[in-house]
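# Topology and contacts: notes
Below, each chain spelled out in residue letters.
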Amino acid sequence: MKKLQLFLLVSLVVFASCKTTTEKKIVSFKQQLQTTFPKAQIDSIEAKDHFTEAYRVVLKQHLNPKNPSEGTFDHYMYVSHADYNSPTVLITDGYDSRNRTTELSKVFKANQVIVEYRMYGKSRPDSIPWKHLTNDNAIEDYHNIVTKLKSVYAGKWLSSGISKGGETTLIYKAKYPKDIDVAVPYVAPLINGLEDPRTNDLINSVGSDECRADIKTFQRAVLNNRKEVLALLATHAETKKMNFTELSQEEALEYAVLEFPFSFWQWGSGKCEDLPSKDASAEELFNYLNKISGFYVYNDAGFNKLLPSFYQHIRELGYYGFD
């Protein structure tokens, strides 16, 4: 009798184990995502590199994480699946997002979650509710997403971002240190005050004395040829279908000249030996200014795209100063 009971017990355990294993196999990764985010719209997208499947997930995110009754907005993220046993990389984009394979994800053959910053890109409502566009609310978005996805990915979590996204990576790690095992920010500007003077301190000391002097000579040459350079800007704007109604072309030119030293050293596209002389033609001056500073950010399309960023930097994050 005891042998029979033991046999039945073992059989029951084996049956239950097989049933559990079968159930797990039936539940696809997409189904797990849908269970994790029941109100989300989940669409398949192309899986690249080492990923086996990928999805665009549109969440119904709370405008105010502390008061759900204030409504929701559509919040976009991109989830790329590799293996349940692999680590997961969270990309805290500081602006709009696009799906791509990041360096950390390639290194670790990791799962990847790219989250667009609230109120940017596709996650931007037709009319931005400005009071809800705060860094604290964005951090709550990441915390909410990661907390839920840990039911799917129980392994190690890494986070990373670039520029404003790197800054967000650091702040998120500081506020919720247990959410992420390792934070790897790629460039993380932590700004002192609304207008940080340290950038100018660096600009006025980096490179050689001669190069810095040539930069100022170039800036003055552009403004001394303002009329001719503005005419070239007008032609360029017409060709590129750039409109300047939020900011005039005259203002755009002055901002581009002020921005020039920062862009020259920051983006790596400027070379001291390539700086036009003070006797250069207006066309040479305009072409080099356009190459280094550019005018996209000042035209209506750039202004509109980056408006959430302008608002956040002025309201809470700060920005680098102009000389």
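Please refer to the structure higher up on the page.
Residues numbered from 1 in each chain as written. Predicted model: local features only at pLDDT ≥ 70, side-chain atom pairs only at ≥ 80, totals over all residues. Heavy atoms only, no water.

## Details of the state of the cysteines
The criterion, for reference: To count as a disulfide, a pair of cysteine sulfur atoms needs to be within 2.5 Å. Numbered from the N terminus, helices here are DSSP runs of H or I no shorter than four residues, and strands are runs of E no shorter than two. Buried residues are those whose accessible area, probed at 1.4 Å on protein chains only, stays under 20% of the maximum for their type, while exposed residues exceed 50% and partly exposed ones sit between those limits.
What the rule picks out here adds up to one disulfide. A sulfur-sulfur separation of 2.0 Å characterises the disulfide bridge that pairs Cys211 with Cys272. Classification of the bridge connecting Cys211 and Cys272 rests on its S-S torsion, roughly -90°, and on that basis the disulfide is left-handed. Note that Cys211 is positioned in helix 7 (residues 209–224) and Cys272 in the loop between helix 9 (249–266) and helix 10 (282–292), a separation of 61 residues in sequence. Residue classification places Cys211 among the buried residues on the basis of a relative accessible area of 2%.

## Quick look at the packing of helix 8 (residues 226–239) against helix 9
Under the convention used in this document: Between N-to-C directions, angles span 0 to 180 degrees; the directions come from axes that are lines fitted to C-alpha atoms, helices contributing only their stretch in contact. Here the angle decides the label: under 35 degrees means roughly parallel, over 145 means roughly antiparallel, 65 to 115 means roughly perpendicular, and every other value means oblique. For this analysis, residues touch if any pair of their heavy atoms sits within 4.5 Å.
Taken N-terminus to C-terminus, the directions of helix 8 and helix 9 make an angle of 110°; their axes are 10 Å apart at the nearest point. Judged by the inter-axis angle, helix 8 sits roughly perpendicular to helix 9. Together, Arg226, Val229, Leu230, Leu233, Ala234 and Ala237 of helix 8 and Gln249, Glu250, Leu253 and Glu254 of helix 9 make up the contact between the two elements.

## Remarks on the environment of Glu259
Take Glu259: it is sitting in helix 9. Glu259 sits 62 residues away from Gly321 along the chain, and the two C-alpha atoms are 9.8 Å apart. With sequence-adjacent residues up to four places away left out, Glu259 is seen in contact with Ser293, Tyr298, Tyr320 and Phe322.

## Quick notes on the pattern of salt bridges
The cut-off we apply is this: Criterion for a salt bridge: a side-chain nitrogen of Lys or Arg within 4 Å of a carboxyl oxygen of Asp or Glu.
For the structure shown, the criterion picks out ten salt bridges. The salt bridge partner of Lys175 is Glu140, with a shortest N-O separation of 3.3 Å. Note that Lys175 is positioned in helix 5 (residues 164–175) and Glu140 in helix 4 (residues 135–149), a separation of 35 residues in sequence. Look at Glu140 and you get buried, because its relative accessible area is 17%.

## Re the pairing of strand 5 (residues 111–115)
Within strand 5, five of the five residues are buried, which leaves it mostly tucked inside the rest of the structure. Neither face of strand 5 is left uncovered, since the one carrying Asn111, Val113 and Val115 and the one carrying Gln112 and Ile114 both have all their residues buried.

## Description of the packing of aromatic side chains
Going by this rule: Any two rings among Phe, Tyr and Trp, with Trp reduced to its six-membered ring, count as a pair given centres within 6.5 Å; such a pair is stacked if its planes are under 30 degrees apart, edge-to-face if over 60, and tilted if neither. In this scheme, the term charge over a ring applies when either NZ of a lysine or CZ of an arginine sits within 6 Å of the ring centre and within 35 degrees of the ring normal.
Under the defined criterion, the tally for this structure stands at 22 aromatic pairs. Centre to centre, the rings of Tyr320 and Phe322 are 6.0 Å apart; their planes meet at 65°, and the pair counts as edge-to-face. For Phe322, a relative accessible area of 30% puts it in the partly exposed group. Its guanidinium or amino end placed over the ring of Tyr95, Lys164 lies 5.5 Å from that ring's centre, counting from NZ or CZ. Positioned above the aromatic ring of Tyr117, the side-chain terminus of Lys164 is 3.3 Å from the ring centre.

## Describing helix 5
Defined as follows: Expected span of a helix, by definition, is 1.5 Å for each gap between consecutive residues, and there is one gap fewer than residues.
The end-to-end C-alpha distance of helix 5, which contains twelve residues, comes to 16 Å, matching closely the 16 Å that a straight helix rising 1.5 Å per residue would cover. Within helix 5, burial applies to Lys164, Gly165, Gly166, Glu167, Thr168, Thr169 and Tyr172. Turning to helix 5, the residues buried within the fold contact strand 4 (88–92), helix 4, strand 6 (157–160), strand 7 (182–183) and helix 11 (300–317).

## Things to note about the pairing of strand 4
Cut-off, in case you're wondering: In this analysis, strands are considered paired if DSSP registers two or more bridges between them.
Taken across its five residues, strand 4 has five buried, putting it largely inside the fold. By the alternation rule, side chains of strand 4 split into Thr88, Leu90 and Thr92 and Val89 and Ile91, which are all buried. Taken together, the five bridges between strand 4 and strand 5 define a ladder with parallel strand orientation. Opposite Thr92, over in strand 5, you have Val115 as the bridge partner. Sheet analysis places strand 4 next to strand 6, joined by four bridges and oriented parallel. By the bridge assignment, Ile91 is partnered in strand 6 with Ser160.

## Describing the sheet that holds strand 1 (residues 41–45)
Note: strands within a sheet are paired through backbone hydrogen bonds, in either parallel or antiparallel orientation. With respect to topology, seven strands assemble into an open sheet ordered 1-2-3-5-4-6-7, the strand pairing being mixed. Strand pairing shows two members of the sheet lacking a second neighbour, strand 1 and strand 7, which therefore form its edges. Where strand 3 (residues 72–81) and strand 5 come together, four bridges link them in antiparallel fashion. In the sheet register, Val79 faces strand 5, and the bridge partner there is Val113. In this fold helix 4 packs onto strand 2 (53–62), strand 3, strand 4, strand 5 and strand 6, with an angle of close to 130° to the strand it touches most, strand 2. Here helix 5 sits on the sheet and contacts strand 4, strand 6 and strand 7; the angle it forms with strand 4, its principal contact strand, is near 120°.

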